[in-house]
Every structure is written in C-alpha cells, then in structure tokens.
Amino acid sequence: MLMGIKRLFAFLTLATIAPGVLAQETAQNAEEGAARWGVNMTQGVTEVSRTTYDLHMLIFWICVAIGVVVFGVMFYSMWRHRKSKGYEAAQFHESTLVELAWTIVPTLILIGMAIPATKTLYDIYDTKEADLDIKITGYQWKWKYDYMGSDVSFFSNLSTPQSQINNQQPKAANYLLEVDEPLVVPINKKIRFLITANDVIHAWWVPDLAVKKDAIPGFINESWTRIEEPGIYRGQCAELCGKDHGFMPIVVKAVPEDEYHSWLSDRAAAAARIKELTNKTFTFDELYARGEEIYKSACVACHQAKGEGIPGTFPAIAGSKIATGPMDAHMSMVVDGSSSNPAMQAFGAQLSEVDLAAVITYQRSAFGNNMGDTVQPIDVLNFKNK
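All of these numbers come straight from a predicted model, not from anything done at the bench.

Colleague: Any chance you could break down the pattern of salt bridges for me, citing the residues and the numbers?
Modeller: Where charged atoms from two side chains of opposite charge approach closely, those side chains can pair. Under the defined criterion, the tally for this structure stands at 10 salt bridges. The shortest N-O distance in the salt bridge between aspartate 123 and lysine 119 comes to 3.4 Å. Separated by four residues within a single helix, aspartate 123 and lysine 119 lie in helix α5 (residues 96-124), roughly one turn from each other. Overall, aspartate 123 belongs to the partly exposed group, its relative accessible area being 25%. Taking relative accessible area as the criterion, lysine 119 reaches 55% and is therefore assigned exposed.

Colleague: Pulling in residues and values, what's your account of the pairing of strand β3 (residues 153-156)?
Modeller: Pairing of strand β2 (residues 142-147) with β3, which is carried by four bridges, proceeds in the antiparallel orientation. Residue pairing for β3: tryptophan 143 is matched across the bridge by serine 156. Between the antiparallel neighbours β2 and β3 lie five residues, among them glycine 149 with a positive phi of about 85 degrees.

Colleague: Break down the nonpolar core for me, citing the residues and quoting the values.
Modeller: Counting 37 residues, the largest nonpolar core has Ile134, Tyr145, Tyr147 and Trp204 as its most contacted members. With 26 residues, the next largest nonpolar core counts Ile294, Val335, Ile360 and Val380 among its residues.

Colleague: So what's going on with the sheet that holds β2? Residues and values would help.
Modeller: Ordered in space as β3-β2-β1-β5-β8, the five strands form an open sheet in which the pairing is mixed. Each having just a single partner strand, β3 and β8 (221-225) make up the two edges of the open sheet. Neighbour-to-neighbour, the strand axes of this sheet turn through a mean angle of 25 degrees, independent of strand direction. Relative to β8, strand β5 (residues 191-197) is paired through five bridges, and the arrangement is antiparallel. If you follow isoleucine 195 over to β8, its bridge partner there is asparagine 221. Packed onto the sheet, helix α7 (residues 257-277) meets β1 (132-139), β2 and β3 and runs at close to 100 degrees relative to β2.

Colleague: Residue-level account of α5, with values.
Modeller: For α5, which comprises 29 residues, the first-to-last C-alpha distance of 42 Å matches the rise-based estimate of 42 Å (1.5 Å per residue) to within 8%. Maximal helix bending in α5 amounts to about 25 degrees, located at alanine 114; proline proline 116 follows within four positions.

The rules behind each value
Residues numbered from 1 in each chain as written. Predicted model: local features only at pLDDT ≥ 70, side-chain atom pairs only at ≥ 80, totals over all residues. Heavy atoms only, no water. Salt bridge = Lys/Arg side-chain N within 4 Å of Asp/Glu carboxyl O. Helix = DSSP H or I, 4+ residues; strand = E, 2+ residues; numbered from the N terminus. Buried < 20%, exposed > 50% of the residue type's maximum accessible area, 1.4 Å probe, protein only. Pairing = 2+ DSSP bridges. Core = buried A, V, L, I, M, F, W, Y, C linked by side-chain atoms within 4.5 Å. Axes fitted to C-alpha atoms, helices over the stretch in contact; angles between N-to-C directions. Contact = heavy atoms within 4.5 Å. Expected span 1.5 Å × (residues − 1). Bend = angle between axes of the 7 residues up to and from the residue.

Structure, rendered in structure tokens:
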C-alpha cells in the first residue's frame, strides 16, 4: 500500500514538473508498468486469454482517447472563455448539427467497439467439439474433478500448512495457492469444463486461462480452454462462499499429451485398487496412519490440528460425545453430515470407503479419545447400504 502511494506521488510529481518527459512514455511502457503494479489483466497462455487481453487494451485506449478529447475541449473552453477575460455565456436553445454529432459519433464508436467484442464473446462461449470434458464441482471449501468417460474422480484441497496460516512459519511463495491434487490436463487440446456446485455458489477462476465461471447448485455452466504451453496455472474461488472462501485455491497442471495419458491410466488404476481395498481388512496402525493424512486434508481446517475445534462454530473432536460414543452415530455424522449444523458436510460422496474408515478410526483414537476402535472399509460400505 505504502509503495503504491509512493509510486503515485512520483507519477504526479513527474507530470507536474516534467510534462515533456511524461509525454514520451509509450503505450507499451504504460502497459508494462500497469502489469508490474498488478492493476492490469494477464495476457495468459491461451488464444482466448490473449484475445480478451487485446480487446481489453483496445477498449481501454479508446476510452482514454475519448476522455482526452472530451476533457481537453471542456478545460480549453473554460480557460479560453473565462469570465475574467470578459467573455459572456452564449444564449442559444439548440443546435441541430451538434445534436446530430453527439448522437452519430458515439453510435459509430460503439458499433466499432461491438464488432471485436462480439467476436471475442462468441469464441469464449463456443464450447462445442471439445476433446475432453471435465466436470468441476465446488464444495465448501474444495473442488471435485470428474473426468467424463473415465473412472477418474478426485477432490482438490488446500495444502498450505496450518503453521503458515497461523503465522508460525514464513509464508511460502505460493501461499494459499497450493493443493494436494492439481487438475491435470493435456496441452493443445480443447477442454470443456462443466461447472456446478454441491452446496453454495462458488466461482472457478484461473486468470492465465481466461476462465471464470460461477458454480451454482442445480445448474451447469460451461467454459473451455486450450492451453498451449506446459506449466502450472493457479487460480481461486472468486465468489464469497463462506468463512474459508480464501482457502479454496485452484491449480491446473498442463502437460504433454503422452504424459497426460500416462497420468490418467495411473489414476484409473489407483481408483480400481481403492475399490478392491474395500474388501480388505486393515490393521489398526494402517488405518490410523492413513486416517491422520485424511484428517489433515479434509478435517483440520474446521476441527483444527489438535481436534480442539473452533468454539461457537465447529465442535471439538477431542473428548466429543460423537467420537467417544456409539460407532453408528459417529459414522452417520461423517458419512451423512449433520442436520443440526449445516457446516458439517456429508463426506460419504467425497471420500472412499477406505478413507472414511481410516479417518473415523483416527478420530476415535487421536486427541486423547483412546477408544481403540477399528473401522473397516466394509463396515462403511454396509452402513451406506442400510
């Protein structure tokens, strides 16, 4: 903030004492300066993002030119015909020529602006003939990605450590823009996004891709992209969706096509293994270790690292009647959510039976609960089928 004020002061000083120097600033330098200050759009890495940026800059400079002409004429008229020089206001009622001019000229300007704007909007909304469809579902506060036509589906959660969020460690370079599972897509392929939400309104926004769409429960909005360069592209939820709105990042990883197909095959195989594991019997230690990892990614934001919860908002797990009470009540709370507290989501569709069994086992024995219970994946499956 202070640095921005200093730059503004320097700019105004230069404009006052050296207008000739300031006049030599080119449009390109002005754009680069705006980008450095973080006040301009990004050019992005897709054809649509660059077209959008070019349209933005075109309209911007047209508006600047109009402002210069209009205010220039206005200020000149006030200075040239000021009362101190003996001028008196002209007395007239109307001028047909002036009225025609200020109607026709703006109309022509608007038509000239509408032509490139309409073409750009047409390209933005042209989602047909996609090579890949991905369904994106917003949850409080995470994203779910379903690769249509395959068994690959996963949640993407914030992975920034709580120690950084709580100011116990220095902030990393990508603070609050890190996830445990990025969205992996191939380059040079048209990818259609089908965007919706499970609970409240979210918005999926990745500036480098020029994609920003509301995720609305019960509706599916479409958008698309074709990424030309491999890389990591980050975004955020752009709709105020609750107390953890700022902890809902998006990470898109664009890779070459062969690498993408290899990744997709590995994820499909992993999903098949998870289904097979439903019938496996795990040891307590295996479940506890896996449950601890699931808790860190899915539960810690609300119930905190030591299970102490957030008083008045999220109950503690440490010593709670649920985590130390009947198993069916605990399983119902995790699988089906809470009817009395909407903030407690239903994780039955978000986590696999293996992960659900692991996190319930962990909660019942961590934080001093020491119940020693072991929940198997088949127990969770049977509970769901009741």
